Amino acid sequence: MSGAFLTLVAALAMEPIAAWVHRFFGHGPGWSLHVDHHQPRFRWERNDLIPLGFAGLAMVAFAFGAAQPGLRWLFWIALGVTIYGGAYGLIHDIYIHRRLPLLPARVAVLEPWRRAHLEHHERGTAPFGVLLPLRPHWRWGWGWGPSALP
């Protein structure tokens with residue numbers, strides 16, 4: 001398999017993985033780490049340890065993938081995880097939560113993501129994903145839902 005393909009697959013796979021971790025760890029046994037993300041803003045949150053864990057795993061995969069030719073695939077997977085992490089940080093931390101003022105306060109194309117995530121904060125329920133914020137609906141199955149679309 002090519003490195004570009006592995007990178008793409010890893011980046012795409014991270015959204016359901018992150019949503020699963022958010023739902024079943026962050027809103028489960030890891031609530032003590034995640035709860036401050038649902039409270040008034042602080043510069044640093046205990047919740048930041050969760051993406052730092054993913055970053056640590058990616059760094060280990062980068063190291064092994066770069067050092068061992070037989071494990072090169074780990075390098076490409078780590079690159080995909082890192083690309084996802086960058087997109088997640090840009091949308092979630094920088095745009096939605098305004099943790100760094102690097103983007104305008106409103107970017108029309110990003111507003112559906114903001115509304116979907118803020119709905120999660122209001123209710124504590126789905127959507128748990130950020131880049132593809134799907135939520136179940138009893139009438140029409142999985143989807144963005146009416147409140148997330150413009």
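As the structure is a computational prediction, the values presented were derived from the model and not from experiment.

> Explain the environment of Tyr95 to me, please; I cannot follow it from the model alone.
Along the chain, the position of Tyr95 falls in helix α4 (residues 72-96). In this structure Tyr95 comes out as buried when scored by relative accessible area, which is 0%. Setting aside anything within four residues of it in sequence, one finds Tyr95 in contact with Leu90, Leu103, Pro104, Ala105, Arg106, Val107, Leu110, Glu111 and Arg114. Polar contacts involving the side chain of Tyr95 include one to the side chain of Arg114, which spans 3.2 Å.

> Can you help me understand the confidence of the model for the protein in this one?
Reading predicted coordinates in detail is not appropriate for stretches of low pLDDT. When pLDDT is averaged along the protein, the result is 86, and 89% of the positions lie at 70 or above. With pLDDT under 50 throughout, residues 138-150 is counted as low confidence; its partners more than four residues away or in other chains account for 32 contacts.

> Just checking my understanding: could you explain the nonpolar core for this structure?
Soluble globular proteins tend to pack their nonpolar side chains together in the buried interior. Core analysis: the biggest nonpolar cluster contains eight residues, these being Met14, Ala18, Ala58, Ala61, Leu74, Ala78, Val81 and Tyr84. Elements that contribute at least two residues to this core include exactly α1 (3-26), α3 (49-67) and α4. Broken down by element, this core gets its largest block of residues, four residues, from α4. If we ignore the near neighbours within four places in the chain, the residues touching Ala78 are Ala58, Ala61 and Phe62. Ile91, Tyr95, Ile96 and Val130 belong to the second largest nonpolar core, which has five residues in total.

How each quantity is defined
Every residue gets a number counted from 1 within its own chain, in the order that chain's sequence is written. Under the rules for a predicted model, residues below a pLDDT of 70 receive no local features and side-chain atom pairs below 80 are neither given nor counted, while totals for whole chains, interfaces and linings still include all residues. Computation of side-chain values: all heavy atoms of the structure, hydrogens and water removed. Think of it this way: any DSSP run of H or I at least four residues long counts as a helix, any run of E at least two long counts as a strand, and we number them from the N terminus. Three exposure classes are used, based on accessible area relative to the maximum for each residue type with a 1.4 Å probe and protein chains only: buried under 20%, partly exposed in between, and exposed over 50%. Throughout, a contact is declared for two residues whenever any of their heavy atoms are within 4.5 Å. Any N or O atom pair separated by 3.5 Å or less is treated as a polar contact, with the protein-specific requirement of one donor-capable and one acceptor-capable atom, and with residues adjacent in sequence counted only for side-chain atom pairs. Residue-level confidence of the predictor, termed pLDDT, takes values from 0 up to 100. Buried Ala, Val, Leu, Ile, Met, Phe, Trp, Tyr and Cys residues that are joined via side-chain atoms within 4.5 Å together make up what is termed a nonpolar core.

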